[in-house]
Amino acid sequence: MKGQSLPQASCTGPVAASFGASSAEFKPPARPPLKWAGGKRWQVPHLKEIWQSYASRRLVEPFCGGLAVAMGLMPQRALLNDINPHLINFYRWLKRGLTISIPMDNRERLYYGHRARFNELLAEGRGQTRETAALFYYLNRTGYNGLCRFNRSGRFNVPFGRYTRIAYTKDFTLYSRVFDGWRFRCGDFEAIALQPGDFVYADPPYDVEFTSYAKEGFTWDEQVRVAEWLARHRGPVVLSNQATDRIVSLYRQLGFTLRFLQAPRKISCTGDRTPAREVLALRNV
Ligand SMILES: C[S@@+](CC[C@H](N)C(=O)[O-])C[C@H]1O[C@@H](n2cnc3c(N)ncnc32)[C@H](O)[C@@H]1O
């Protein structure tokens, strides 16, 4: 993978402290290991400003996805949760120190062979093995847009990605050091046992207004469930979402302070290049 090390300036303060004085030479990996839809790497500079007063707290991410935020903030302690079991299985293997030995190459035939093997392992109830984690990484890098999609019978069905060039990582042992004080949990966000002092950064699937399409089945009722759950937390909370009218009024009504951000420009499937307006809703910060 490109850029295995952080620039010196990024490895100071709580980050460097978390690896101890004997780790002066240790450079944590700079990049999240997977491609993940809705990654919030671009928000890290905004979040760092808020986080710096709470850097000794436990960071809780109920929707951790591709880990862009945790890897940007580098907390010493974290609870990282997601409902996707393959994602969490992969992170748990990284924490143990993963090196990948399956062949990895940007070839269509190999891709479909590995995809079939991944589905076979899932069907056999072996979704938590090292091999499944390695295949998940390969499929994520090589498949179309890093998507993680399953058909009705639970088979991974993302087609080959047709990238010009892919840089695969085989040795993930650096991540085990970074993940040392981090715990990974798989399940619905509401089942997380929050501690009063936890710093919560919540980035649920976007609210999509004026359409019945709900990304990852995340309906308006789910958005309300997130907001009410966050409003009950006694510690600092930062929520990120698309700034639709109803999201803005929901969080306003619950007493959150709002900050608006422009997301980086993306071309949507309609060719629209308008940057999305996003909201950070803050509480107890
Ligand atoms: C927008 S992504 C998070 C992206 C992440 N902040 C990043 O930078 O990569 C939303 C995540 O929420 C997860 N998710 C969806 N429903 C969930 C639920 N009920 N409980 C926990 N996680 C859920 C999805 O699997 C997805 O990874």
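As a reminder, the structure under discussion sits directly above these lines.
So, how was this worked out
- Residues numbered from 1 in each chain as written.
- Predicted model: local features only at pLDDT ≥ 70, side-chain atom pairs only at ≥ 80, totals over all residues.
- Heavy atoms only, no water.
- Helix = DSSP H or I, 4+ residues; strand = E, 2+ residues; numbered from the N terminus.
- Contact = heavy atoms within 4.5 Å.
- Areas by Shrake-Rupley, 256 points an atom, 1.4 Å probe, with all protein chains shown as cover.
- Axes fitted to C-alpha atoms, helices over the stretch in contact; angles between N-to-C directions.
- Parallel < 35°, antiparallel > 145°, perpendicular 65-115°, else oblique.
- Left-handed = near helix turned anticlockwise from the far one by under 90°.
- Nonpolar A, V, L, I, M, F, W, Y, C, P; charged D, E, K, R; others polar.
- Pairing = 2+ DSSP bridges.

### As for the overall build of the protein
Part 1 of the reasoning: Helix and strand content of the protein: nine helices and seven strands.
Part 2 of the reasoning: Considering only residue pairs separated by 6 or more positions, the protein has 72% of its internal contacts joining residues 24 or more positions apart.
Part 3 of the reasoning: Total accessible area computed for the protein in this model is approximately 14400 Å², and 49% of it derives from carbon and sulfur atoms.

### What to know about the packing of helix α8 (residues 220-231) against helix α9 (residues 245-253)
Part 1 of the reasoning: Viewed as axis vectors pointing N to C, α8 and α9 meet at an angle of 25°, and their least axial separation amounts to 10 Å. By the angle class used here, α8 and α9 are roughly parallel. α9 is crossed by α8, and the crossing has right-handed handedness. Across from W220, Q223, V224, V226, A227 and L230 in α8, the residues of α9 making contact are R246, I247, L250 and Y251.
Part 2 of the reasoning: When the residues that make up the contact of α8 with α9 are grouped by side-chain class, the tally is eight nonpolar, one polar and one charged.

### Section: the sheet that holds strand β4 (residues 199-202)
Part 1 of the reasoning: The strand order β3-β2-β1-β4-β5-β7-β6 describes an open sheet built from seven strands, whose pairing is mixed. Because the sheet does not close on itself, it has two edges, and the strands there are β3 (182-186) and β6 (257-262). Averaged over all neighbouring strand pairs, the angle between strand axes comes to 15°, with direction disregarded.
Part 2 of the reasoning: Sheet topology note: the β4/strand β5 (residues 237-242) ladder contains three bridges and is parallel. When the sheet's bridge partners are listed, Y201 is paired in β5 with V238.
Part 3 of the reasoning: Against the sheet, α9 makes contact with β5, β6 and β7 (277-283), and its axis sits at roughly 155° relative to β6, the strand it touches most.

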